[in-house]
Amino acid sequence: MTEIRTVAVIGAGVMGAAIAAHVANAGTRVLLLDIVPEGASNRNALAEGAIQKMLKADPAPFMGKKPARLVTPGNLEDDLDKLAEVDWIIEAVIERLDIKQALYRKIDAARKPGSIVSSNTSTIPLATLTEGLSDGFRRDFLITHFFNPPRYMRLMELVTGADTRPDAAQVISDFADRRLGKTVVTAKDTPSFIANRLGVYWLQKAVVEAFDQGIPIEEADALIGRPFGIPKTGVFGLIDLVGLDLMPHVNASLASSLESGDAFHEANRDLPLIEKMIADGYTGRKGKGGFYRLNRAGGGKVKEAIDLATGNYATARKPKLEAISEAGKSPRALLEHDSPHGAYAASVMVATLAYAASLAGEVADSIADIDDAMVLGYAWKEGPFALMDRIGPDWLAERLRSNGRPVPPILEAAKGRSFYRVEAGRLEQLGLDGDYHPVPRPEGVLLLSDVKRASKPLLKNGSAAVWDIGDGVVCFEFTSKMNSLDDQVLMLLGKTLRLVRKEYKALVIHNEGTNFSVGANLGLALFAANIAAWQQIEGLVALGQQTYQDMRTAPFPVVGAPSGMALGGGCEILLHCDAIQAHAESYIGLVETGVGIIPGWGGCVEMLHRWQTFGKLPRGPMPAPSKVFEILSMATVAKSAAEAKELLFLRPEDGITMNRSRLLADAKARALAMVDGYKAPEPREYVLPGPSGRAAMDLAVGGFRKIGKATPYDEVVAGALADVLSGGDTDPIDVVGEADLLKLERERFNWLVRQPGTLDRIESMMLTGKPLRN
């Protein structure tokens, strides 16, 4: 068997159901089975109930409503014979060996020859799972450890046994990579594999040391968070997110399976306060709260933090710690800081990094695999070995010696060197043999970070850069904070268009930031407005429109390749591309109304064109403007690339890439495929409803205002938007040219940005990150 066409997931609990949903997101049919509930009239109740819950869940396991139709519910008594029709069977039932093995015997009797079976276990070794089972089953069996939630977490740990046939592992690895969007890390058959082995130690060490050293949890999270490139949840916030009640079970499993000399045993001990919290229902966000909780007394909403010494809650603080401010961006300076806070950070992170070094060769064959596991499984900005390079391997080794701790062999091997280096433009990692080896990239992966290591930018300024990615294709990259857009981005884009016209074949717009672009730089706009620099704002709007139009009409293909948020101006630049190759987790939308303006760089005009061209709407001048008005006035953001197609932020023919690491390569291939015979689009004309259409849109907003769903200033902003989308003072029998519609868009934008209500909204967004409902 060389292809996965159908999948079965057994176990419709939170994890199993979410795995089934994500397989369906990949366009693959899934059979979801669970037991028949005792006394239930609906024998498929568990599987059907799981699907219904997922359709309402937030964050959503499904990328839209269509994938849900690919999941077929069933039960293990009536539908076991259907396993003969599937290619991959995933077991995701309770972590009990007896239950799993009994299930495996039933699966083995029902499945077709050569179908692959995997377990989602994270605690039971593969050799133990398959003990006593048939030779054929063992050949087709492996572990595929997904991380929760499966749709959003990019890591999958793959574990094979001595009897697992290599082609089975390859088939699953390829499917997980290309179809499910996973970075597949090969782990050894050791307790908790890679990410949880190190991650659980790190969490437990941080918690125990906070208790022992009397560090408040807000301070602990601040210390073991951003200074080390770890999400702002820190440790206690992360445990709340995962669930306190899981900690004792995971810790007990690790403690029972690790050898007596393992460092985990030093950090593992019962903590009475946590036992009491769990008993009282304080299990984290899924319960009444955890280390943090929201106190809603009196109709309020106050975040509180628990005191580890007393067990009492008090209002949570945002600590400003001297140790962090003095250390700046240097994690080593924080570890050396002569204060209780520096001592706490060192007690956790020195031990964690040493533990990571000790696991090299035991849990994985390469340090890059361990780093990938922590980056993708625990959302660290960089893995432990990359972090050790920033701190200094020699410093860490000496710190361990001075504390009477053993220095792991891989850390000794790095003496006078680093764990990673760039040689001839290629990233290399230190191996267990003491030599450097290339960090491998799967076939078909092109990373901009690799391009940047091996070359210099063709063009560059403070907000953007341009790179040659080979075969006559150029990549335009935003480099500003949060990839916000300003005049520097627009001017460099204009230079890039001229460069490509002369010397290259095609242009791709892409970056490897967390988000593609959050839109225009609001801080600059607010500053200009506060000093009444209206001409500067008007000039920026005109420059943006002209640059995007130049890009749309350029004599070569332009492909946008977004991932993460593409909002406002970031969405508009995509709307002007010839094609888009989007990562599946792209969140695209025109959100300007939330800050009191309307799209001003051609977004209104482009969305009208899309809904008139691709929207399956009744004929006539009104349906498309009405639909665009609905989307833009509500500041609608697509929650996936699939949903972006439904909203026409993406065209029907635009591509979706599941694996972010393959996005640039796919976009480049898309651009090259368009080169031969390419023709720039023709100027567009529009038939719009004019004042009567504006009146209808005003009436709709007025209705929302009466029932409290729109504010007074929403009416003002919506009125300006309605002016543009209706075509202004035109007649339904007239044709409105593209230039005239763009002029109207500029005029209404420039009028809004002068209004006090808009400035209040922009200022509120800058200060609080939330839209003002004025």
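On a predicted model such as this, the values are computed, not experimentally measured, just so you know. (Residues numbered from 1 in each chain as written. Predicted model: local features only at pLDDT ≥ 70, side-chain atom pairs only at ≥ 80, totals over all residues. Heavy atoms only, no water.)

### Re the nonpolar core
- If you look at the biggest cluster of nonpolar residues, it comprises 114 residues, and the most contacted ones within it are Leu83, Trp202, Ile224, Phe291, Met349, Phe385 and Phe419.
- Looking at this core element by element, the count peaks at 13 residues for helix H16 (residues 340-359).
- Once residues lying within four places of it in the same chain are set aside, the contact partners of phenylalanine 419 are Ile367, Phe385, Met388, Asp389, Pro393, Ile410, Leu411, Ala414, Glu428, Gln429, Leu430 and Tyr436.
- Counting 81 residues, the second-largest nonpolar core is a separate cluster that includes Phe476, Leu490, Cys577 and Val628. (Core = buried A, V, L, I, M, F, W, Y, C linked by side-chain atoms within 4.5 Å. Buried < 20%, exposed > 50% of the residue type's maximum accessible area, 1.4 Å probe, protein only. Helix = DSSP H or I, 4+ residues; strand = E, 2+ residues; numbered from the N terminus. Contact = heavy atoms within 4.5 Å.)

### Topic: the pattern of salt bridges
- A complete count under the given rule lists 48 salt bridges for this structure.
- A salt bridge links aspartate 167 to arginine 165, with the shortest nitrogen-to-oxygen separation between them at 2.9 Å.
- By relative accessible area, arginine 165 is classed as buried at 17%.
- The partner of lysine 205 in a salt bridge is glutamate 209, with the nearest N and O atoms 3.1 Å apart. Here glutamate 209 and lysine 205 lie together in helix H8 (residues 195-213), a separation of four residues that amounts to about one turn. (Salt bridge = Lys/Arg side-chain N within 4 Å of Asp/Glu carboxyl O.)

### Quick notes on helix H33 (residues 756-768)
- Over its 13 residues, H33 runs 18 Å from end to end, which matches the ideal 18 Å to within 8%, given 1.5 Å per residue.
- Buried residues along H33 sit against helix H23 (522-530), helix H31 (712-726) and helix H32 (738-752).
- Just past H33, the residue glycine 769 takes up positive phi, approximately 75 degrees. (Expected span 1.5 Å × (residues − 1).)

### Examining unusual backbone geometry
- Omega for the bond connecting aspartate 58 with proline 59 falls within 30 degrees of zero, at 5 degrees, which places this linkage in the cis form.
- Topologically, proline 59 is positioned in the loop between helix H2 (45-56) and helix H3 (65-68).
- Going from asparagine 148 to proline 149, the amide bond is cis rather than trans, its omega being 0 degrees.
- Although it is not a glycine, methionine 482 sits at a positive phi angle of roughly 60 degrees.
- Structurally, methionine 482 can be placed in the loop between strand S17 (473-478) and helix H22 (487-503).

### Brief notes about the sheet that holds strand S8 (residues 183-186)
- Spatially, the eight strands line up as an open sheet ordered S3-S2-S1-S4-S5-S6-S7-S8, and their pairing is mixed. A strand with exactly one partner marks an edge of an open sheet, and here the two such strands are strand S3 (71-75) and S8. Strand-to-strand twist of the sheet, defined as the mean angle between neighbouring strand axes without regard to direction, takes the value 25 degrees.
- Where strand S5 (residues 116-119) and strand S6 (residues 141-146) come together, three bridges link them in parallel fashion. Bridge assignment links valine 117 to a residue of S6, and that residue is phenylalanine 141.
- Sitting on the sheet, helix H4 (residues 97-110) touches strand S1 (6-10), strand S4 (88-91), S5 and S6, and the angle it makes with S4 is about 165 degrees. (Pairing = 2+ DSSP bridges. Axes fitted to C-alpha atoms, helices over the stretch in contact; angles between N-to-C directions.)

### With respect to the sheet that holds strand S9 (residues 292-295)
- Across the sheet, three strands lie side by side as S9-S10-S11; this open sheet has antiparallel pairing. Edge positions in the sheet fall to S9 and strand S11 (313-315), since each of these pairs with one other strand and no more. Strand after strand, the sheet turns through a mean of 40 degrees between neighbouring axes, direction not considered.
- Strand direction decides the pairing type here: S9 and strand S10 (residues 302-306), joined by four bridges, are antiparallel. Following the sheet pairing, asparagine 295 is matched in S10 by valine 302.

### Notes on a positive patch on the surface
- On the surface, a cluster of positive charge is contributed by Arg226, Lys232, Arg285, Lys303 and Lys318.
- With respect to the secondary-structure elements, lysine 318 resides in the loop between S11 and helix H14 (322-327).
- On the basis of relative accessible area, lysine 318 is assigned to the exposed category, the value being 81%. (Patch = residues over 30% accessible without salt bridge, like charges linked within 9 Å, V, L, I, M, F, W, Y side chains within 5 Å. Areas by Shrake-Rupley, 256 points an atom, 1.4 Å probe, with all protein chains shown as cover. Lys, Arg positive; Asp, Glu negative; His and termini not counted. Charge placed at Lys NZ, Arg CZ, Asp CG, Glu CD.)

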